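As a plain string of letters, each chain reads:
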Amino acid sequence: MTAPDTHDTEPTAAASEWEPVIGLEVHVQLATKSKAFSASAVEFGAPPNSLTDPTVLGLPGTLPVFNRAALELALKLGVATESKIRARSRFARKHYFYPDLPKGYQISQYDEPLCEDGHLDLILGGELRRVKLQRIHLEEDAGKNMHVGAVSHVDLNRAGVPLCEVVTAPELRSAEEAAEFMRALHRLVRWLDISEADMEKGQMRCDANVSVRRVGEDRLGTRTELKNINSFRFVQNAVEHEIARQIRILDGGGRIEQETRLWDAVAGTSATMRTKEEANDYRYFPDPDLPPMVVDGNMMGSILRSLPELPAARFTRYVREHGLSPDDARTIISDRPLAEYFEAVVKAHPGDRSGRMIANWMLTELLGALNADGKDIGESPVAPATLSELIRMVEDGTISGKIGKEVFEETFKTGEAPKAIVERRGVQQISDEAALWEIVDKVVGANPKQAEAYAAGKDGLFGFFVGQVMKATQGRANPVITSDLLHKRLGR
Amino acid sequence: MPILPRKEVEEIALLARLHLEPDEIEKMRVELGAILDHFTALAAVDTDVAPMTHAVPLELRLRPDVPEPSLPAEEAVRAAPAKEGQFFVVPAILPGDS
Amino acid sequence: MTEWLTATETARRIAAGELTAVKAVDAYLARIAKHDGELGAYLAVDAEGARAQAASIDAARAASAPLGPLAGVPIALKDVLVTRGLATTAASQILGGWIPPYDGTAVQKLRNAGAVILGKLNCDEFAMGSSTENSAYKKTKNPWDGSRVPGGSSGGSSSAVAAALCSASLGTDTGGSIRQPAAFCGCVGIKPTYGRVSRWGVVAFASSLDQVGPLARSVADAALLLEVICGFDPHDSTSLDEPVPDFRKALTGDIAGLRVGIPAEYFAGAIDDEVRSAVQRAAAILQEKGAELVDISLPHTELALPAYYVVAPAEASSNLARYDGIRFGKAAEGARDLLDLYQRSRGQGFGPEVKRRIMVGTYALRSGYYDAYYKKAQQIRALIKRDFDKAWQHVDVVLTPTTPTAAFRFGSKSSPVDMYLADVFTLSCNLAGLPGISVPCGFTTDGLPIGAQLLGKPLDEATLLRTAHVIESAVGLADRRPKGLA
């Protein structure tokens, strides 16, 4: 193994005349109940080799039969990325010898993949950036090898699980974009129930192809392949590190070796994978056990009809029509149930100008309370209509924002309707100027020393007076009017 | 009749994970050469007909996504020459692979 | 003697109560014990299992339970057919001792029909060969002449059937491996249209060519067995969803107006004179019975050999990649590392012919070679099929010799290529996916069987069987027995 590349100071791409060119190959595990080519169940964390059958084991005489749901999920992804869908595509055998690959070949797609030339929209700097996809194809996963001292243990539970391989065009321009791509793909496949895409469970994995070239150059530089990247953060770190490594070599007059490098997240470096004897000659040929896969109009029609509004489109709509900040919009669409909750609140709400406020309440109060309770949005004890009711009361001045937060906590805990809580506790906001003037007058009159000090220039005391008014009104005084009146009474 | 270069035979044997003794390699050079010589007839055929896939045209049949019981793990590893508990065992994969 | 009864007759007698299944099985077991030491057809005999199966058939009959069409008929299986609980070796060391946990579909269908499985038959290793000399375990002799091969790769099947060591058998045919041994041993062998019989549970050699089929002592037996094993199987994505005709009903004896194609390319070249005359006599028989002989040309015939010897080894090299000694089969001892484990398990476990074909196949699939070899060969297949498609406009069946010569002597093929040349007449059938049958049509003066081959339209096994049946009835060779084995 060559020495890992470790440097403390890493030149940034921006500082030199080099630009990075990045392409990603992402494997997404499809959310089917059974495997791609046989009916063994798909489950995470099952006891070793408990999810196999003769076909998974590659026993002599076994044959593959393809899972309809895997095709449907792949088609969904193809349609959602506006890919060209091949009406007739083929499976191909990809040959290599490895213990986690029982047949000595992987059933994949080569010449005639299911989808080509699609795109995925990333949210970058509050805007959408479109990244071209070269292809999306179907294949089966391999099992797992685990080193145990002098031997390796092989578990084939994962062997045969259906995957989509998503390959981008080499047009990601930074490590940040690469990480964003992963997030966007993660969001999309979860949005469409194509995959759980939990990177920790290995349900979404990526390899990065990284090269650099001089700014303005058309040709691509020599690229290296980075493997063993299993989180969004690692994508960014690993790609950044590789870009810097390549720039350092090229700046020093060296050449980039075309190689595969393994990312070591602990060390924060990559190292050359020991390249064994041969370059990989996969000897692809169409799998004779599997006739051409035909996608007909009926299937396409049903997929198209089943597609909901996609996250990117929703992002745009939230920003443009509901006035959400790009950050808030992005957070809401990061999780489809969250987005659907937002839609439900919006629907229950009168008018269409309250988007920002609704987003704010959801992201701060609601998510805060849910997180504290270890619940997700699907388990929210506060229904969208209820939240809408509460927000309405704040919007129309019935209660102050501060009181609103208290009412929210109570409705979250007890389920009592916000209106009822407000009634019962008598915490309606006091906005009557005359009534408030009386109180303000009383408060200032009762604190002459502080009034004098404030008049003399001690600004900090304003808060004291506000506090006194709040105390006198059990927090119900309308803060804006209170502030106004206090300024008047105090003289400044 | 052309004899294949030794290096080529060794490369193919490696791709196919076949250990060949030196005398096997020598024999293979001759035998493969003779067999491959017959393939030259193929090159002479100039055709743009679509490659045949099946005698009676077939389309891929799709299976419903219904899981069926798996083999018990003991059964899955039963025939393995080397096993430990419920795992298949192989010699250490060289470091550097993943 | 019971053993020489046809399968059809055996089934009839058992169903009628004239013969017990146990008696039939015991007769065959005794005969195997007496003769198979010499013939070497069997790799494994499952006496206990067979007797138990037979006993349960007899019990069913006694209880007036419904019996399947093969109830009590003792059948043996080429050892590339996967059998639950019964060792399956594909005649290779690398699968030594493998006990499968499942039954292949064709085997399951036989069992469902009440057949009794006697055991597993010898063959060329992984079905690769034309003489059964490539078996890693033993030599099988031709019952008609012990110095000669029984043919291959289903040589154990043809030998056992010809010597009445079983009532009938199943073999597999990738480039002629049912038909050629049937011709060499004087029995009937049929390869159905590709996709008619499920390949689930067939140790794969060349996926786009392999088919299972019966070898039997009569056309009627072949029809019966074929009917039982044909049919759509959801386990096999290349299985045809087509109704299975009653093949036995096809044996009407009536071929008036049948158009029989005589392809020039199959009668040119080096064919044994006696073979040529015997097949010409078969043609004359058909003509006498009312068929019309039509001269045809299948111009791409000579490309069948190179095309086959690209496609079959390429697919084989892929199908045999799973044999690595990790999950099943034999592993090399004391492997230094993973690479060593792979290389030596496979290097030691595979015989020379298998290794040769893996090498050829690996070569042909290498990047840069795919277009010139595999893809080109697949195109040639289309051309060969097209030749037949054109022929079907003028003829209903095609008649050829099954093989250029009768059974050859052990060790007489001096090189692999020589051996491959023996397959010339049978290959096109597999490449085009058509059904083909070999039926005995004569003997050489040396007493060796000669087979006539009939090739048919896709799904038209019925016409093949009908035509073969006419030849069989006319030549009247059914009662001829190998010397010393009567």
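All figures in this text were calculated on a predicted structure; none of them were measured in a lab.

Student: Any chance you could explain the overall build of chain A here in plain terms?
Tutor: Across its full length, chain A carries 16 helices and 18 strands. When its C-alpha atoms are laid out on the principal axes, chain A stretches across 95 × 55 × 45 Å. Scored against the burial criterion, the 492 residues of chain A give a buried share of 54%. A separation of at least 24 residues holds for 71% of the contacts in chain A among residues at least 6 apart in sequence.

Student: Is there a simple way to think about the domain arrangement of chain A in this case?
Tutor: Residues and elements named next belong to chain A. We note that the domain assignment places domain 1 (22-209 + 274-299), domain 2 (309-425) and domain 3 (433-490) within chain A. Computed from C-alpha atoms alone, the centre-to-centre distance between domain 1 and domain 2 is 37 Å. Taken together, the contact pairs 13 residues of domain 1 with 14 residues of domain 2. Contact between domain 1 and domain 2 buries roughly 1200 Å² in total, counting both sides, with carbon and sulfur atoms accounting for 68%. When the buried area of domain 1 at its contact with domain 2 is split by residue, Ile 123, Arg 187 and Trp 191 rank highest and sum to 58% of it.

Student: Just checking my understanding: could you explain unusual backbone geometry for this structure?
Tutor: Negative phi is the rule for most residues except glycine; trans is the rule for most peptide bonds. All names here are of chain C. Cis peptide bonds are those with omega within 30 degrees of zero, and the linkage from Gly 152 to Ser 153 qualifies with 10°. The residue Ala 90 is not glycine, and still its phi comes out positive at about 55°. Looking at where Ala 90 falls in the secondary structure, it is placed in the loop between β2 (74-78) and α4 (105-112). Take Ala 90: its relative accessible area is 0%, and that puts it in the buried class. Non-glycine residue Ala 127 carries a positive phi angle of around 65°. Mapped onto the elements of the fold, Ala 127 is located in the loop between β3 (116-121) and α5 (155-162).

Student: Help me understand the interface of chain B and chain A, please; the structure alone is not making it clear to me.
Tutor: Size of an interface, as often reported, equals the accessible area lost when the parts are brought together. Tallying the contact residues gives 35 residues for chain B and 57 residues for chain A. Between chain B and chain A the total buried area reaches about 4100 Å² when both faces are included, carbon and sulfur atoms providing 61% of it. Among the residues chain B hides against chain A, the three largest losses belong to Leu 60, Arg 63 and Asp 65 of chain B. Together they make up 19% of the total. Seen at the junction of chain B and chain A, the total is zero salt bridges. Taken together, the links from chain B to chain A amount to 20 residue pairs in polar contact (both at pLDDT 80 or more). Sorting the residues of the side of chain B that touches chain A by element identifies α1 (6-15), β1 (62-63), α4 (73-77) and β3 (87-91) of chain B as the ones contributing at least two each. Element by element, the count of residues in the side of chain B that touches chain A is highest for β3 of chain B, at five residues.

Student: In this structure, what is going on with the sheet that holds strand β5 (residues 92-95) of chain A? I would like to understand it.
Tutor: Note on sheets: strands pair through backbone hydrogen bonds, and any given pair is parallel or antiparallel. Pairing is antiparallel across the open sheet formed by three strands, whose spatial order is β6-β5-β17 (chain A). In this open sheet, the two edge strands, each paired with only one partner strand, are β6 (105-108) and β17 (285-286) of chain A. Relative to β5 of chain A, helix α9 (residues 304-319) of chain C is tilted by about 60°, and along the sheet it contacts β5, β6 and β17 of chain A.

Student: Would you mind showing me how to read the interface of chain B and chain C here?
Tutor: In this complex, chain B contributes 45 residues to the contact, which on the side of chain C involves 62 residues. Surface buried jointly by chain B and chain C totals about 4800 Å² across both partners, of which 74% is contributed by carbon and sulfur atoms. On the chain B side of the interface with chain C, the three residues burying the most area are Leu 42, Met 52 and Arg 61 of chain B, jointly 15% of the side's total. Notably, a salt bridge pairs Arg 356 of chain C with Glu 31 of chain B, separated by 2.6 Å at the nearest N-O pair. Along the contact surface separating chain B from chain C lie 13 residue pairs in polar contact (both at pLDDT 80 or more). Broken down by secondary-structure element, the contributors of at least two residues to the side of chain B that touches chain C are α1, α2 (22-38), α3 (40-44) and β3 of chain B. Residues that form the side of chain B that touches chain C fall into these classes: 33 nonpolar, four polar and eight charged.

Student: Would you take a moment to explain the sheet that holds strand β11 (residues 151-155) of chain A for this structure?
Tutor: Here we have four strands laid out as an open sheet, ordered β10(A)-β11(A)-β3(B)-β2(B), and antiparallel in their pairing. Each having just a single partner strand, β10 (144-148) of chain A together with β2 (83-84) of chain B make up the two edges of the open sheet. Summarising the sheet, β11 of chain A and β3 of chain B pair through four bridges and their orientation is antiparallel. From the neighbouring strand, Val 151 of chain A faces β3 of chain B, where its bridge partner is Pro 91 of chain B.

Thresholds applied
- Counting restarts for each chain, with residues numbered from 1 along the sequence as it is written.
- Working convention: letters from A go to chains and numbers from 1 go to ligands, in the order in which they are written.
- Note on the predicted model: pLDDT of at least 70 is required for a residue's local features to be given, and 80 or more for side-chain atom pairs to be given and counted; whole-chain, interface and lining totals, by contrast, use all residues.
- The basis for the side-chain values is all heavy atoms of the structure; hydrogens and waters are excluded.
- Secondary structure follows DSSP: runs of H or I at least 4 residues long count as helices, runs of E at least 2 residues long count as strands, and numbering of each begins at the N terminus.
- Three labels apply to residues, based on accessible area from a 1.4 Å probe with only protein chains included: buried if under 20% of the type maximum, exposed if over 50%, partly exposed otherwise in between.
- Contact between two residues is taken to exist if any of their heavy atoms lie within 4.5 Å; hydrogens are not considered.
- For every domain, the bounds stem from an assignment made automatically or drawn from a database.
- Accessible area that two parts lose when put together, with a 1.4 Å probe and added across both, is what the buried area reports.
- Any Lys or Arg side-chain nitrogen located within 4 Å of an Asp or Glu carboxyl oxygen qualifies as a salt bridge.
- Counted as a polar contact is a pair of N or O atoms within 3.5 Å, where, for protein atoms, one must be capable of donating a hydrogen and the other of accepting one, and residues adjacent in sequence contribute only when both atoms are in side chains.
- We call two strands paired when DSSP finds no fewer than two bridges between them.
- Between N-to-C directions, angles cover 0 to 180 degrees, with each direction set by a line fitted to C-alpha atoms, over the stretch in contact for helices.
- Three residue categories are used. Nonpolar comprises Ala, Val, Leu, Ile, Met, Phe, Trp, Tyr, Cys and Pro, charged comprises Asp, Glu, Lys and Arg, and polar comprises the others, including Gly.

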